[in-house]
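As a plain string of letters, each chain reads:
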Amino acid sequence: MNTHNNDFDFSVNDSDIKTPIIDTVVDDDSNTHASHTTTPNVQPQIPVDTAPFIVLCGPPASGKSMILKSLASYLYESGDGYTIMANRTLLNTVKYQNDCTHFDKVIGKPNERMENTVDYLMADISDRTGNVVAHFLEAPGEDFFSLTKSDEEPNIAFKNYMHHVAQTSPDSNKQRKVIYIILLDLDSATSFRNNPELRKKYQDKMMKLYRDFVLDHPSRVILLYNKVDLPQGGKWANANSCRNIKAVRADAERNYKNLFFTRKFLFWDIEDFSFLPYCTGSYPDDGSYTASGPAYPAALWKEITKQLW
Ligand SMILES: Nc1nc2c(ncn2[C@@H]2O[C@H](COP(=O)(O)OP(=O)(O)OP(=O)(O)O)[C@@H](O)[C@H]2O)c(=O)[nH]1
Ligand SMILES: [Mg+2]
């Protein structure tokens, strides 16, 4: 069955509406898509189908786009039959169509980074026969944790589209399987090691995500300690491998204790998440970029497939 269909949810939620972006140049490849409509859909149109979703959750600049790009390039190169491609139906804004074009071009170029700040990006993972086996979603960091309204966090509600992601169609109670990848980066300029107050709020917001969309849902959480090349000046991990996973995990657990949730099963406490380190590459000061080795995307992909199928 091809799960990639053209029925979409057109319900509008005020909090989802953004100002259309009209000043972006459209290149040739995406022009056909953008010019067919005159009224941009500026709220995400979640496909009405049964394909699982993988959602990257993290604050602004936490590394979501580069993780999606790194995994896509790995799938492109590893040749195990899966392909990944932007799904242009999420939004018909000019910016979105341009970001899709750029994403599709950059997948095959491992040492190129995503050029723009991507707001939304939905990419479909297809198997050998062309069936869409999962949708991958990146959304703006502000949708998960607002730095500009941090006073109001963690009480800002998740946007309406997140509810549509969690169910197979807006008017059905059938829940969709979703893997939420929660980013735990602690040491980049935008992250929270040295700001316990924001760190606690982010943790509480992710607990809210767990309560709203994971508990009592057929969904899973991957705690991803990304930018793992940064802590301890690279002592624990570099762009090719993680040498001290024990120390990495202990560091994450110390700082985001409540996210390492367990549930009781008979006499045991069972971990209700998976934990992985991740690095997308090296980012020297001269602005260049070299992709990380395959160990990180290979492990993430393995975990995703284990959770999904
Ligand atoms: N050291 C290191 N830096 C990283 C890594 N991944 C990303 N970065 C840095 O983090 C920056 C932001 O990454 P993005 O992937 O654009 O982050 P994002 O979460 O998509 O950001 P927004 O979409 O703007 O919210 C990059 O430009 C890099 O400078 C990593 O594995 N290691
Ligand atoms: Mg991004």
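Anything mentioned here points back to the structure above.
So, here's what we can say about the structure. (Residues numbered from 1 in each chain as written. Chains lettered and ligands numbered in written order. Predicted model: local features only at pLDDT ≥ 70, side-chain atom pairs only at ≥ 80, totals over all residues.)

## Re the overall build of the protein chain
A tally of regular secondary structure across the protein chain gives seven helices and 11 strands. Out of the 309 residues belonging to the protein chain, those deemed buried represent 40%. Expressed as a percentage of contacts within the protein chain between residues at least 6 apart in sequence, the contacts between residues at least 24 apart total 74%. (Helix = DSSP H or I, 4+ residues; strand = E, 2+ residues; numbered from the N terminus. Buried ≥ 20, exposed ≤ 12 C-beta atoms within 10 Å, placed from the backbone. Contact = placed C-beta atoms within 7 Å.)

## Notes on the environment of Pro-297
Mapped onto the elements, Pro-297 comes out in helix α7 (residues 295–308). For Pro-297, the contacting residues outside a window of four places in its chain are Ser-70, Leu-71 and Tyr-74.

## Description of the sheet that holds strand β4 (residues 132–138)
As a general point, the strands of a sheet are linked pairwise by backbone hydrogen bonds and lie either parallel or antiparallel. Read across the open sheet, the seven strands follow the order β2-β3-β4-β1-β5-β6-β9; overall the sheet is mixed. Bordering the open sheet on either side are β2 (83–86) and β9 (274–277), each of which pairs with just one other strand. The sheet shows a mean angle of 20° between the axes of neighbouring strands, taken without regard to direction. The strands touched by helix α3 (residues 94–106) within the sheet are β2 and β3 (121–126), with β2 carrying the most contacts at an inclination of about 155°. (Pairing = 2+ DSSP bridges. Axes fitted to C-alpha atoms, helices over the stretch in contact; angles between N-to-C directions.)

## A closer look at the site of ligand 1
Close to ligand 1 lie 20 residues; Gly-63, Lys-64, Ser-65, Met-66 and Gly-141 are nearest. For the shell around ligand 1, the residue count by class is eight nonpolar, nine polar and three charged. (Near = placed C-beta within 6 Å. Nonpolar A, V, L, I, M, F, W, Y, C, P; charged D, E, K, R; others polar.)

## Quick notes on the pairing of strand β1 (residues 53–57)
For β1, a buried count of five out of five residues is recorded, marking the element as mostly surrounded by other parts of the structure. Here β1 shows two buried faces, one formed by Phe-53, Val-55 and Cys-57 and the other by Ile-54 and Leu-56. Across four bridges, β1 lies against β4 in parallel orientation. Of the residues in β4, the one forming a bridge with Val-55 is Leu-137. Sheet analysis places β1 next to strand β5 (residues 178–183), joined by five bridges and oriented parallel. The partner of Phe-53 across the bridge, within β5, is Val-178.

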